[in-house]
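Each chain is listed here by its residues.
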Amino acid sequence: MNTKAKHIAFIGLGNMGAPMAVNLLKHGYIVSVVDLNADAVAALVEAGARDGGSAQEAAAVADIVLTMLPAGEHVKSVYLGAEGRQGVLAVLPEGAFAIDCSTIAAEDARLVAAEAAKRGIAFADAPVSGGIAGAAAGTLSFMVGAEREHFERILPLLQAMGKNIFHAGGHGAGQVAKICNNMLLGVLMAGTAEAVALGVQNGLDPAVLSDIMAKSSGGNWVLNGYNPYPGVMPNAPAGRAYRNGFMSKLMLKDLRLAEELARHTPQDTPMGGQARLLYERFAAEEGNADLDFSAVLGLYLPQVLPE
Ligand code: NAD
């Protein structure tokens, strides 16, 4: 199947989904958009998308449905249906393709894949990494769990939104890769915030300290492009009061997914567990759960948080 100029039903236009959908439009795809938030739909229609109406209406006329939703419960409800409402798998034309880019449990991805297969619909879990900057620039990494032949079919579509596209393995493998990555990211962010805070409490300039660590053995992805201290990197979420980024509640969800995965594995994840505890403590405070995950710096330096 040549996916070029195909009709995509894009469901979930949040911090990540909206810029991803814009990149599909730029590459010539026909995109029908769906979100519970009418403003998000209006902004995409302004950019050239069609208003898809409901998820079922959009899917019924699409070749490919792509979802970018917060968590597993939303993904299962959209694909499988809930509260007497049909899921999109029930209305997708046979031979259609379903791609879920949300970060959810591998087990949930395998469940949706199995239900899709019963209806002759190919499914891929294709979670992403790269943040909203990567989504806007079309440089996301995709970690795909799908049959090899299906992976090759959707490659051109994913290349319209990303730069590094990996075939992680069969159904669910994309989610396992993503959960491992995000557990590491949670640990890196918490550790980086802790180190920056310790230096600042001891009189160092956060920009100078960050530069030193970035070019020394503590260097990492957070220090390279996502510094948690306000103003060190004006384009990072810390420079815009921790808004429009990767919400702390979503990082907490991912750290819980990692622990859940480890529960069924002959291995503990004490570092991931510690990061989960820190995010739990942080997100429990009024207003913090919606702030970008770099705001965890506020556990150490409360003065950095917005009023
Ligand atoms: P978000 O909360 O900004 O966006 C989710 C969107 O889904 C919202 O616009 C919401 O209205 C919509 N939605 C929820 N339920 C819906 C339904 N039933 N039908 C239609 N629309 C519905 O979240 P996000 O930051 O865009 O993240 C989406 C997914 O990507 C999450 O699983 C997250 O963990 C993952 N992710 C996020 C980032 C990031 O930097 N923000 C990076 C990589 C992966």
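Quick notes on the rules
- Residue numbering note: each chain is counted from 1, following its sequence as written.
- In keeping with the predicted nature of the model, local features appear solely for residues at pLDDT of at least 70, side-chain atom pairs appear and are counted solely at 80 or more, and the whole-chain, interface and lining totals rest on all residues.
- Note that the side-chain values use all heavy atoms of the structure and ignore hydrogens as well as water.
- The criterion for an aromatic pair is that two Phe, Tyr or Trp rings (for Trp, the six-membered ring) have centres within 6.5 Å, with stacked assigned to planes under 30 degrees apart, edge-to-face to planes over 60 apart and tilted to the rest.
- A run of H or I in DSSP becomes a helix once it reaches four residues, and a run of E becomes a strand once it reaches two; helices and strands are each numbered from the N terminus.
- Annotation comment: domain bounds sourced from an automatic or database domain assignment.
- Contacts were defined at the residue level, with two residues in contact if any of their heavy atoms lie within 4.5 Å.
- By salt bridge we mean one thing: a side-chain nitrogen of Lys or Arg within 4 Å of a carboxyl oxygen of Asp or Glu.
- Polar contact is the term for a pair of N or O atoms within 3.5 Å; when the atoms are in protein, one must be able to donate a hydrogen and the other to accept it, and sequence-neighboring residues count only if both atoms are side-chain atoms.
- Gly is put with the polar residues, along with every residue not named as nonpolar or charged; the nonpolar set is Ala, Val, Leu, Ile, Met, Phe, Trp, Tyr, Cys and Pro, and the charged set is Asp, Glu, Lys and Arg.
- For every residue, the accessible area (1.4 Å probe, protein chains only) is compared with the maximum for its type, and the residue is labelled buried under 20%, exposed over 50%, or partly exposed between those bounds.
- Consider each residue's heavy atoms; a residue with any of them within 4 Å of a molecule or strand counts as near.

J.: Would you explain the packing of aromatic side chains in this entry?
T.: Aromatic rings in a pair are described by how distant their centres are and how their planes are angled relative to each other. Under the counting rule described, the total for this entry stands at four aromatic pairs. Pairing F246 with F293 gives two aromatic rings, centres 5.3 Å apart and planes at 65 degrees, and the pair type is edge-to-face. A residue pair is termed long-range when its members are at least 10 positions apart, and F246 in the loop between helix 10 (221–225) and helix 11 (248–263) and F293 in the segment after helix 12 (270–284) qualify at 47 residues. Within the aromatic cluster, the residues linked to one another by ring pairs are W221, Y226, F246 and F293.

J.: Any chance you could explain the domain arrangement of the protein chain here in plain terms?
T.: It is common to give the size of an interface as the accessible area that goes away when the parts come together. Domain boundaries assigned for the protein chain yield domain 1 (3–171) and domain 2 (176–301). In this complex, domain 1 contributes 14 residues to the contact, which on the side of domain 2 involves 13 residues. On the surface where domain 1 and domain 2 come into contact, there are zero salt bridges. The tally of links from domain 1 across to domain 2 stands at four residue pairs in polar contact (both at pLDDT 80 or more). Sorting the residues of the side of domain 1 that touches domain 2 by element identifies helix 5 (106–118) and strand 9 (128–129) as the ones contributing at least two each. Here the residues of the side of domain 1 that touches domain 2 sort into ten nonpolar, three polar and one charged.

J.: Before we go on, may I ask you to explain the pattern of salt bridges in this structure?
T.: Working definition: two side chains of opposite charge can pair if their charged atoms are close together. If you walk through the whole model with that rule in mind, you get ten salt bridges. Where R256 meets E280, a salt bridge forms, and the shortest distance between an N and an O atom there is 2.6 Å. You can see R256 sitting in helix 11 and its partner E280 sitting in helix 12, a full 24 residues away along the chain. Of the charged contacts in the structure, one is a salt bridge between E259 and R276, with a shortest N-O distance of 2.5 Å. Taken together, the positions of E259 in helix 11 and R276 in helix 12 put the pair 17 residues apart, joining distant regions of the chain. For E259, a relative accessible area of 16% translates into the label buried. If you follow the salt bridges from partner to partner, you end up with R256, E259, R276 and E280 in one network.

J.: In this structure, what is going on with the site of the ligand? I would like to understand it.
T.: Residues in contact with the ligand amount to 24 residues; listed here are only the nearest, N15, M16, D35, P70 and K253. Here an oxygen atom of the ligand sits 3.0 Å away from a polar atom, N or O, in the main chain of T103. K253 places a side-chain nitrogen or oxygen 2.8 Å from an oxygen atom of the ligand. Counting only elements with at least two residues in the shell around the ligand, the list comes to helix 4 (72–80), helix 6 (131–137) and helix 11. Split by residue class, the shell around the ligand holds 13 nonpolar, eight polar and three charged. Mapped onto the domain boundaries, the shell around the ligand takes at least three residues apiece from domain 1 (3–171) and domain 2 (176–301).

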